[in-house]
Structures are given as C-alpha cells and as structure tokens.
Amino acid sequence: MKFFAQELSWLAFNERVLQEAADQSVPVVERMRFLGIFSNNMDEFFRVRVADVRRRIFLAQNTAEHSESEQLMAEIQQQVLALQDKFEVIYKDVLKALLRKNIRVIDEQQTTTEERTWLTTFFREKIKRYIVPLLISPTTDLVKAINEEATYLCVEVVQGDIIRYAALEVPTDEFPRFIKLPFKHAKRQKRVILLDNVICLCMHELFQGIVPFDSLRAFSFKLTRDAEYRLPHDIEQSVLEQMEEGIRQRFEAEPVRLVYDAAMPRNMLFFLHDKLELTSHDSLVPGGRYRNTRDFVSFPNVGHKSLVNPAWQPLEHPLFTKHNSVFDAIAEQDILLYYPYHKFAHLTELVRQAAYDPLVQSIQICIYRVAKLSRIVHSLVEAVNNGKKVTVMVELQARFDEEANIEWAKHMTQEGIRVIFGIQGLKVHSKLLLIKRRTEPGSDSTQLFAHIGTGNFNEKTAQIYTDFSLFTADIGICSDVEQVFQYLEAPYKRFDFDHILVSPVNLRETLEALIDTEIAYAQQGQRAEIMVKVNNLVDPGIIKRLVAAARAGVRVRAIVRGMCGLKVPADLSKRLEIISIVDRFLEHPRVYWFYHGGKEQVFISSADLMTRNLDRRVEVACPIYNSQLQLQIKHILELQWQDNTKARIIDAEQKNQYRKRGNRKKIRSQLAVYDYLKAEMKRMLEAPHD
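Rules of the game
Residues numbered from 1 in each chain as written. Predicted model: local features only at pLDDT ≥ 70, side-chain atom pairs only at ≥ 80, totals over all residues. Heavy atoms only, no water. Pairing = 2+ DSSP bridges. Helix = DSSP H or I, 4+ residues; strand = E, 2+ residues; numbered from the N terminus. Axes fitted to C-alpha atoms, helices over the stretch in contact; angles between N-to-C directions. 1 Å grid on protein atoms, 1.4 Å probe; cavity = no way out; pocket = protein on both sides within 12 Å on 5 of 7 lines; lining within 4 Å. Points joined across faces, edges and corners; volume = space filled by probe spheres on them. Nonpolar A, V, L, I, M, F, W, Y, C, P; charged D, E, K, R; others polar. Phe/Tyr/Trp six-rings, centres within 6.5 Å; stacked < 30°, edge-to-face > 60°. Buried < 20%, exposed > 50% of the residue type's maximum accessible area, 1.4 Å probe, protein only.

Trainee: Sorry, what's going on with the sheet that holds strand β8 (residues 255-261) here?
Mentor: Strands belonging to one sheet form pairs held by backbone hydrogen bonds; the direction of such a pair is parallel or antiparallel. Overall, mixed pairing links the 6 strands, which are arranged β2-β4-β3-β7-β8-β9 in an open sheet. Two strands in the sheet have a free side with no partner beyond their single neighbour: β2 (134-136) and β9 (283-287). Geometrically, the sheet is characterised by an average inter-axis angle of 30° between neighbouring strands, direction not taken into account. Two strands pair when backbone bridges link them, and β2 and strand β4 (residues 162-169) are joined in this way by 3 bridges, in the antiparallel orientation. Considered in β4, the bridge of Leu-134 is made with Ala-167.

The following block contains the structure:
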C-alpha cells in the first residue's frame, strides 16, 4: 500500500496551525501568536526533516532513492512557498484586524516626528551598544559567522560606484521584538513598532564617521541549518563531553534554507547565496519584510483583554485536596489528571512532599524536558539534602534541549543527585517517576508510588499542552516501573513486564497482538473497535494492521495531531476515519483504546505510532485498570471525536477540510472537555465519603 510522505504530512499539519491564524473567531492577538507558532514549526521542519531529505539526496547518488528524494524535495519546496504566500496574506489580514481594535503595527516610515525623536534617543541609549556590524569582505566566512537563532539585516552600503554589504544582528536577546510607543493618539490608538524598524530608522548612526557611505538600504534575512550532529567516539571522553562536542557541530552545520525579504535586490540575494554556500537543493524562501516571525508568539496584548483567550482556571482534584498527604490520596485509589484542565501543581506537590517526608527512602525520575526554573528539580535537590537517595535519568539527546539538559545534569550532579544517561543508541522518552516509601516509621516494609504520564515534567508546557498523568500505588504497575529503571542501567538483562508496555521490549508486539485480537472478534461477527489518539501515525507496520483491521470489519478511529502516513482507501472511509484537532492547547497525549470483546483495554503512553518510538526509544504505555478512569478517558476521546468546530478530516489527500457541522449542536472539544471535568470534579467533591 502507498503511504503519505511524512514530510508532506507534517506540512499539512502546519497548515492547520496557519488555519488558526486565519480564523476570525480566534482573538486577534492569538491569531498573531499562531503565526509565530507556524514560523517556529517551520524552522524546526527545515532543521530536521528537510535537512534529512537533503542528506539522502547527497548520499544516495545514482539510485532510486536519490530520484525519490529529489522529487520529494521539489514537492516540499512547492508546498513551502505556497504556505509562505498564505502566511503573508493572513499576516496582512491580522494587521487590519488589529487596527480595527485600535492597535497599529507601524514601520519607521510611518512614525511621527515625536515618535522618531523618542526612538532615536531609545536607540542611542539602549540598543546601539548591542549592535556590531559585520562588514562582509571576500575573506569573511559568513556561514560560520551567522547565528541561525537570530534575525539579520543585510545592509547595502553605497559609496560612489562601490557597493559593499554588512550584516546586522537584531538583538532580540536583549530587547522585545515589539516595542510599544509611549504616546497617546487619536481614537486611543496604541502603536507598536518592531525592533528591526527602530534599527532601520537609526542605521546611519552605526556607520557614520566609521564606514563611509552615500546611502544605506537594509533587508532582512534568516538562515536555517541542519540540526543533525554526530557524537564522537573517544573512549576517554565522558558522555557529557561527547554531547557538548556534538552540539558544537550544530553551530557550524551546513545551511538548508535562506528566508529573505522578497523586496531584496537581486544582486544582494545572489551575494548572500554565494557567501552562504547554498546549493540547488537548499530552499530560498521569499517573504514579507520581517524574518524570524516565530517571535510573533510573544506579540504583546496592548489592548483589551478580549483580544486574547480568556484566563484559564485549572481544576483541583478532590482526591488530592481531601488528604493532607499526597501519598494517602494515591494509596486510596488511582488518580488521573488531564493537563492543563487540572493543576500541574498536584504533581510538583508530590515531589515536594517526597523531598522531606521521613518515610520516603528514594526517588527515581526520567527527565526529557523540564522548565527553565524547575520546581521539580529544586525539590529533588532538597530531597538529597534530606538524606533521600535520588536518581535522575537525563536524556541528553532531547532535540533542541541538549544544552539545557547538559547543564541540568551538571547542576544535579554537583548537588549530590545520582545522574544516569540511559541506554546508548536509545532515547529515553518515558515520563516516569517512582517513589519508595516505608509503610510506617522504623518498618522494613515499603510501598511504591508511581507516576506515568504522556507529557514532560515541565511546569511551563503543562499550561499549554494537553496530557494525561496517572498516579498509582498498584503493586503490579509500580513493580514494572521499578524494572524500567533497572533496565535503563542494565539493558543486557532480561526483564519481563507483566503490566506496562515498554519499547523496544514488548510495546510493538503487544499493540500488534491487540489489533489482531480485534480482527479476530470482527471475523467472528462480534463488535470490534479501535481508537487511538497520537501526535503522529506513520509506522508502516501499524498502519498496515489498522487498514487490515478495517477491512476485516473493525471500526477504526484515530485522532492524529501531526503527521499521518495512512492514506485512507476510498472503500474504507466509513469504517476507517481520521481527524485532527488544532485549537488553543496543543493536543499531546497518546492513548490506545481497544474494545476487546467488552473487556476494554485502555493505555496512556509516551509513544507515538512511529518506528523510532516503537523500536529505537525507551517508551512506556500504561494500562488503566480503574473502570471510572477508563470511562473518563473514553468520554474525553468521544467529546474530541464529536468536535465540529476545530476538527479537520484527514483524508487521502490531507486537504485539511473542517468537519461539517450541519444542523448538529456546536461542539468545541477543548471547551467541552473542561466543562465535563469540572462537572466530574464537583460530583466527586459532593460524593459522600466513608
């Protein structure tokens, strides 16, 4: 069977993000921020996926794979240019919508005399000190000099018949990209200018008296590099030293994309193309005046509060609040949280209490991505100070978080935490926490408490990512989690997991067996259903089995946020359905649900249905045994399946058509889920206690 190319499917996902920016029902400042999310996604797409296709082109010369990769690259470039055109149209529409709300984004040509005076002073006193022009000479290694994280202005310096070029880095590390001007205007209009424009307004002051010129012109550009790096294999280097050396390669990696102001003179563009050593396989993407539009994510709301999403009040879980100790709550029964609808503080409170509870002996945790100011790491340090044994598995190869995780590893080691780095060749993507605690003071008897989640231990992302967290003292599950930590340190040993599914040990084979079981039920004329919710569905083996299941009579439903390699056959469109939901929160949890002859099997997982997750990472899928929690998850999935506001149909061509509402009641699942959980928490709070 044919699969939808992952890279093109990823672009279809990012088009859904762009649809949110185009949606006039979305508050206008949030629309601007969606443009930033789209741009940030596109940066990562080129750094990772386009760079990979580019490598395949160069490494597979004179082969069928070479031709396929070249064709794919051509399709990618065509789609990227089409999306960039849509971006520019939507950006102009958002600017008009802001103007209707009395917010005007201006450039240096639109400033008043009063504003120019203020901005000139602001530039001289604040900005100028951070800008050092790079005068580009024939010997300048521009590839090495350019920072891909930054926005640049390429300046044309004209003196007589001589034209020279300079590059100015816009100092967004020191200043906000958007500056609100402190003046009152007619109709209470609030005016905002980009930092780029302030530099253009005062650019002559950078060159005056130092570099002779008759005229200056500036145009923005941005470079994107290959994010891949290779780890050295020096036996005398520590893992941390190898990672640090590998990351340094990234800063010198080859360019894969140049994004530039479409108004840039051709001679300047050709100059940059040559100095950046771009090839015919690298993307040249023209756009509007501004680059690094990912900074639009932080566009300030200088107007009424209605211009952004209403504030969200996370729910407290009654089973935690009715106990003084989180351990008493978890010991009573399994607890399921769904962020950001529930408070992430329940999880940080578990680690905080474990840090000083005299009965706690040890804490083990897997860290993939944590917040910049992590309360969890702070509590782990305090746990060591209180005499607890703390072991932290840090994944050093968490993409784009490698440097942060190296620093965390160093910090925690210095504080006395035992830090391990997992299994060579396998990323550890599991979201596990295990606490060992005495049952009573002085006793040798202990009890295990575990957390298994679909998202990271990150306070910041928990406010914008939807994710499940299970807190359990179930002996079987906790014993299996304990074995996972043993596996991370001794992968050469054999481990038998009786409850949880662990990749690359038994996750794939168990999922395949569960799909086959549904096929068997369907072939016997019995009810058979599968429902999955994942970020990505691209593993060929799983896709083939799901199609086979649908052909056998199994009802297959999938909610896929990102890439989907499954091209739904026309004759199965009623039995095999896929939707995608893009809304205020990023849909991040992974759930596998099987009807299983009425004895429903429900798993929450850290693993997407991708080959890398099933075969080349350490991932965990945890069964939900509590029937009430199973019902909660199923109810949430059904609400999402009924979404007729933010759900798009993923068909064989991935056109991103919104699901038609018809005469049905409007359902926006993210709001409906909050209302459902709010009612559930109230019901639990009012339920009589023994």
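Trainee: I would appreciate a short explanation of empty space enclosed by the protein in the present structure.
Mentor: Unoccupied space between atoms shows up once a probe the size of one water molecule is rolled over them. Here the structure, examined in full by the defined rule, presents 7 cavities of 30 Å³ or more. Of the voids in this model, the largest cavity is the one considered here, and its volume is about 160 Å³. Around the largest cavity, the lining comprises 16 residues; the ones closest to its centre are Ser-39, Asp-43, Gln-84, Arg-257 and Thr-293. Secondary structure elements with two or more residues in the lining of the largest cavity: α2 (28-59), α3 (64-100) and β8. Tallied by class, the residues present in the lining of the largest cavity amount to 7 nonpolar, 4 polar and 5 charged. Within this model, the second largest cavity holds a volume of roughly 60 Å³. Lining the second largest cavity are Leu-511, Ile-515, Ile-530, Val-532, Ile-542, Leu-546, Tyr-592, Phe-594 and Leu-609. Counting residues per element, the ones that place at least two in the lining of the second largest cavity are α16 (507-523), β19 (529-534), α17 (540-552) and β23 (590-594). Grouping the constituent residues of the lining of the second largest cavity by class yields 9 nonpolar, no polar and no charged.

Trainee: Mind showing me how you'd approach the packing of aromatic side chains here?
Mentor: Both the distance between ring centres and the angle between the ring planes are used here to describe each pair of aromatic rings. Inspection of the entire model under this criterion finds 27 aromatic pairs. Between Trp-118 and Phe-183, the aromatic rings sit 6.4 Å apart at their centres with planes inclined by 85°, giving edge-to-face as the arrangement. With a gap of 65 residues between them, Trp-118 in helix α4 (residues 113-127) and Phe-183 in the loop between β5 (178-180) and β6 (190-194) connect regions that are remote in the sequence. Exposure remark for Phe-183: the relative accessible area of 18% places this residue in the buried category. Relative to Tyr-341, the ring of Trp-312 lies with its centre 5.7 Å away and its plane at 65°, an arrangement referred to as edge-to-face. Taken together, the residues Trp-312 in the loop between β9 and α10 (318-321) and Tyr-341 in the loop between β10 (335-339) and α12 (345-356) connect sequence positions 29 residues apart. Note on Tyr-341: relative accessible area 0%, which makes it buried. Aromatic ring contacts, followed pair by pair, group Phe-38, Phe-87, Tyr-91, Phe-178, Phe-296 and Phe-299 into a single cluster.

The quantities given are spatial measurements derived from coordinates; they are silent on function.
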